[in-house]
Structure formats: structure tokens, C-alpha cells
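A closer look at the structure
One-letter residues, chain by chain:
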Amino acid sequence: MTTRREFLEEAGAVAGVAFVGCNLVGAAAAQAQPRRREVVVSGRRVKTVDVHAHCAVPDAMALMGRKVEPPTLLMSQVSDRLRAMDEQGIDVEALSINPYWYKAERDVARQLIQVQNEKLAEVCAANPERFVAFASVALQHPDLAAEQLEEGVKKYGLRGAGVGGSVNGEELADPKFHPFWAKAEQLGVLVFIHPQGTGAPTELATRLKGSGGLANVIGNPLETTIALSHLIFEGTLDQFPGLKICAAHGGGYLPSYAARSDAGCVTFPDRCTKPLKKKPTEYLRQLYFDSLVFTPEALRHLVAETGPNQIVMGTDYPFPWTKTAVDHILGTPGLSDAERVAMLGGTAAKLLGIKG
Ligand SMILES: [Zn+2]
């Protein structure tokens with residue numbers, strides 16, 4: 001049987017506060033507001049960072065006649081977001097916005113991104129311990145995107161850029177996007193690639209219809225796989241060797257079947273028309289990947305293919321793919337404590353300029 005003292009201790013522990021007396025109202029409040037989970041590895045508190053956290057800016061979306069969906073993307077609901085972060089042991093979210101503006105003309109795109117990046121900066125300034133953000137950029141206008149990234153970083157204190165896995169059907173490796181990659185490399189900031197899905201109307205989009213949500217379940221990781229593969233095979237990563245790129249969803253399928261990329265050039269050398277400085281799979285060791293794979297074995301394999309210092313934690317908040325991103329990293333066998341600390345937040349903190 002629980003004694004009153006034990007009950008109070010437990011309630012106090014949950015709330016993170018001490019209270020005196022038989023205060024059941026206090027206990028109820030304590031349960032509604034759980035204590036912030038503090039992640040500790042080998043006795044040391046770790047500052048955890050979620051690099052894959054979505055949000056939305058309604059004023060910017062209105063410029064394209066769009067509404068925010070789901071409402072949990074709104075930063076006006078920041079207390080819900082902070083509560084989820086506290087429960088899950090996430091100290092800092094690196095916010096990004098999935099591009100919906102790639103069809104916008106230059107003037108609209110300029111205005112939309114300015115509104116959006118200003119708002120992102122405001123949100124981060126209101127909670128500087130809990131949020132940093134990736135700038136949004138109008139990648140369909142590559143020179144403008146380069147300007148927006150520079151302004152985002154220098155004027156608004158944003159920590160990099162969030163981009164789609166393609167731009168109106170064009171690959172990120174297309175030379176037209178070189179001005180953007182050159183600027184990202186020059187600034188030394190992280191570019192977070194999040195898939196846009198397969199687009200429509202394409203043969204693939206048609207095939208992904210039906211039960212199972214395949215446009216997302218398969219289409220999203222497939223787009224990331226294609227985007228990264230072109231950045232490798234077209235020589236973009238050779239041309240901009242200082243680029244820091246992080247791919248969502250563990251890099252999609254690429255790390256799962258990476259060796260086929262090497263074998264392709266051995267089996268059919270005439271099909272690898274651009275000379276590369278190293279083997280295709282070796283580029284995986286200079287890219288970053290979020291930890292959003294779903295089993296310890298998948299994370300172990302991702303580490304084996306890319307390296308323990310290439311993995312950063314990602315949750316996909318507010319989309320409820322996982323609520324156990326921290327435990328996923330803590331519970332994957334075969335990692336050293338230093339590797340777990342790096343994945344939980346150490347590597348992301350360095351990439352995003354988050355102070356300890
Ligand atoms: Zn996502």
C-alpha cells in the first residue's frame with residue numbers, strides 16, 4: 001500500500017516541485033503538467049536536440065491561400081509543444097517548415113519567405129533555450145534562395161536552411177541550384193532535406209494511391225533516396241565538399257541498400273558518366289541523417305553505413321511517428337556512451353550552433 005509520504009514524494013517528483021499537505025488539487029495539477037524529462041548518460045546531463053520538428057506560419061501560408069493543417073503545427077500552441085518536448089526528453093527543437101511555396105512567383109516568394117523567417121526568429125527569441133530554426137528559402141529562384149539563406153543566418157540568427165527533396169520535379173543536384181549550395185557551403189550551415197513526396201501527376205504518384213498511405217510511407221523516403229543519390233552521382237558533393245547536409249527519415253532507403261550504388265558503377269561502368277572522387281557509399285560518411293528509423297536494428301545498420309557521428313535525433317513532431325526518440329537511441333545496443341551523447345544532441349548542437 002502506498003503511504004501518504006510516498007504518494008507525496010511521487011507526486012512531487014512528477015511535478016518537479018515540492019508541496020506540503022494533503023493537496024489533491026496540487027496532485028492533479030502535477031499530473032497534468034509532468035516534470036521535464038532530463039536525459040542523463042553516464043552520470044552527465046545531455047542537452048538533447050530534435051532536428052526534425054515541423055511548424056507553420058499562418059500569415060505566410062495565407063499569401064498562397066493555404067491554411068495550417070494540422071493545428072498542432074502552429075507555434076501559438078507552444079505550450080502543447082513544450083509539454084510534449086518535456087515528456088519526451090527533448091531540450092531543443094530545430095524548427096523547419098515543409099516547402100509549399102515552390103510554385104510561387106519571385107515577388108510572392110520573396111515576401112512569403114521574409115514573413116516566415118521573421119516569424120521563425122521571433123518564435124526562437126521567445127524561447128531561446130528551447131528552439132532554433134532552419135530558414136525557409138525559395139529554392140525555385142536559386143539566387144534569391146542564396147540571399148534568403150544569408151539573410152536568415154546573419155540577420156535573423158537562423159541556423160541553416162530547410163529544403164524539399166526536389167523542386168517542382170527538378171533534382172537538387174541540378175546545376176541551377178549551385179548558387180544555393182555555394183552559399184550554404186560558404187556560410188558553413190546545415191541544410192535539412194525533407195521530402196516533398198512524389199508530386200502529381202506522375203506514374204509513381206498514381207501507383208502510390210490506395211490503402212496504406214504509400215505516397216508518404218514509401219514515397220517520402222524514396223524521394224530522399226533519389227535526392228541524395230543525385231547529389232552523389234552528379235558530383236554536387238564533390239563540387240561543394242564543405243556542405244553539411246542532413247537527410248530526414250534516416251536518409252530514406254539509401255543507407256539500407258547503399259552498396260548497390262557502388263556495385264552499379266562496377267557492373268555497368270559506362271552508366272556512371274561523372275567521375276567521382278570516391279566510392280558512392282563513402283559520401284554517406286559525410287552526410288548527416290536523422291534517427292527516425294523504427295527499430296534498434298535499423299538504427300544499428302544506419303550507424304554501420306554512415307558512422308556514429310553522422311546521426312542526429314529526429315521526431316517529426318507534431319506528426320506522431322514516435323514519442324520515444326530518446327529511448328530509441330538509449331536502447332540501441334552496441335553504441336558507446338559517447339556515441340549516444342553525440343546522437344542525442346552533441347552532433348546537432350555543433351552543427352546548429354547550440355550552446356551547451
Ligand atoms: Zn517530417
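Note that this is a predicted model, so its numbers are computed, not measured. (Residues numbered from 1 in each chain as written. Predicted model: local features only at pLDDT ≥ 70, side-chain atom pairs only at ≥ 80, totals over all residues. Heavy atoms only, no water.)

Here we take up unusual backbone geometry. The step from Glu69 to Pro70 runs through a cis peptide bond, and the omega angle for that step is -5°. Counting through the fold element by element, Pro70 comes out in the loop between α3 (58–62) and α4 (78–88). Following Tyr317, the chain continues to Pro318 via a peptide bond in cis, the omega torsion being 5°. As for its placement among the helices and strands, Pro318 is situated in the loop between β13 (311–312) and α14 (325–331). (Helix = DSSP H or I, 4+ residues; strand = E, 2+ residues; numbered from the N terminus.)

Once that is clear, we can look at the pattern of salt bridges. For the coordinates displayed, the defined rule picks out 16 salt bridges. Of the charged contacts, one joins Glu122 and Lys119 as a salt bridge, the two residues approaching to 3.2 Å between their closest N and O atoms. Here Glu122 and its partner Lys119 are both found in helix α5 (residues 106–126), three residues apart, which amounts to about one turn of the helix. According to the relative accessible area criterion, Glu122 is partly exposed, its value standing at 48%. Classification of Lys119 as partly exposed rests on a relative accessible area of 34%. A salt bridge links Glu170 to Lys176; the shortest N-O distance between them is 2.9 Å. Look at Glu170 and you get partly exposed, because its relative accessible area is 30%. We classify Lys176 as partly exposed; its relative accessible area is 34%. (Salt bridge = Lys/Arg side-chain N within 4 Å of Asp/Glu carboxyl O. Buried < 20%, exposed > 50% of the residue type's maximum accessible area, 1.4 Å probe, protein only.)

Before going further, it helps to spend a moment on the coordination of the zinc ion. With distances of 2.0 to 2.1 Å, the protein atoms coordinating the zinc ion are His52 (NE2), His54 (NE2), His194 (NE2) and Asp316 (OD). With four donor atoms in place around the zinc ion and angles of 84 to 170° between them, the coordination shape is irregular. The sequence pattern describing where the donors of the zinc ion fall on their chain is H-x1-H-x139-H-x121-D. With His52 in strand β3 (residues 49–54) and Asp316 in the loop between β13 and α14, this residue pair connects regions lying 264 residues apart in the sequence. Here His52 falls in the buried class, since its relative accessible area comes to 0%. (Donors = N, O, S within 2.8 Å, 3.2 Å for Na, K, Ca; no water. Tetrahedral: all angles 85-135°; square planar, octahedral: opposite > 155°, others 65-115°.)

For the rest of this paragraph, the subject is α5. Its 21 residues place the ends of α5 30 Å apart at the C-alpha level, agreeing with the 30 Å of an ideal helix rising 1.5 Å per residue. Here α5 has its buried residues at Ala109, Leu112, Ile113, Gln116, Asn117, Leu120, Ala121, Val123 and Cys124. Viewed along the axis of α5, the buried residues span an arc of 160°, placing them on a single side of the element. Facing away from the buried side of α5 by more than 90 degrees, the exposed set consists of Asp107, Ala125 and Ala126. (Expected span 1.5 Å × (residues − 1). Arc of directions from axis to C-beta.)

In this structure the tally under the stated criterion is five aromatic pairs. Each ring, one from Phe134 and one from Phe192, has its centre 5.5 Å from the other, and the planes form 15°; the classification is stacked. One end of the pair, Phe134, is in the loop between β5 (131–133) and β6 (135–136); the other, Phe192, is in strand β10 (residues 190–194), and 58 residues separate them in sequence. Each member of the pair, Phe134 as well as Phe192, is classed as buried. If you follow Arg271 out to its NZ or CZ, it ends over the ring of Phe268, 3.8 Å from the centre. Above the face of the Tyr283 ring, Lys278 is positioned so that its terminal group lies 5.0 Å from the ring centre. (Phe/Tyr/Trp six-rings, centres within 6.5 Å; stacked < 30°, edge-to-face > 60°. Lys NZ or Arg CZ within 6 Å of the ring centre and 35° of its normal.)

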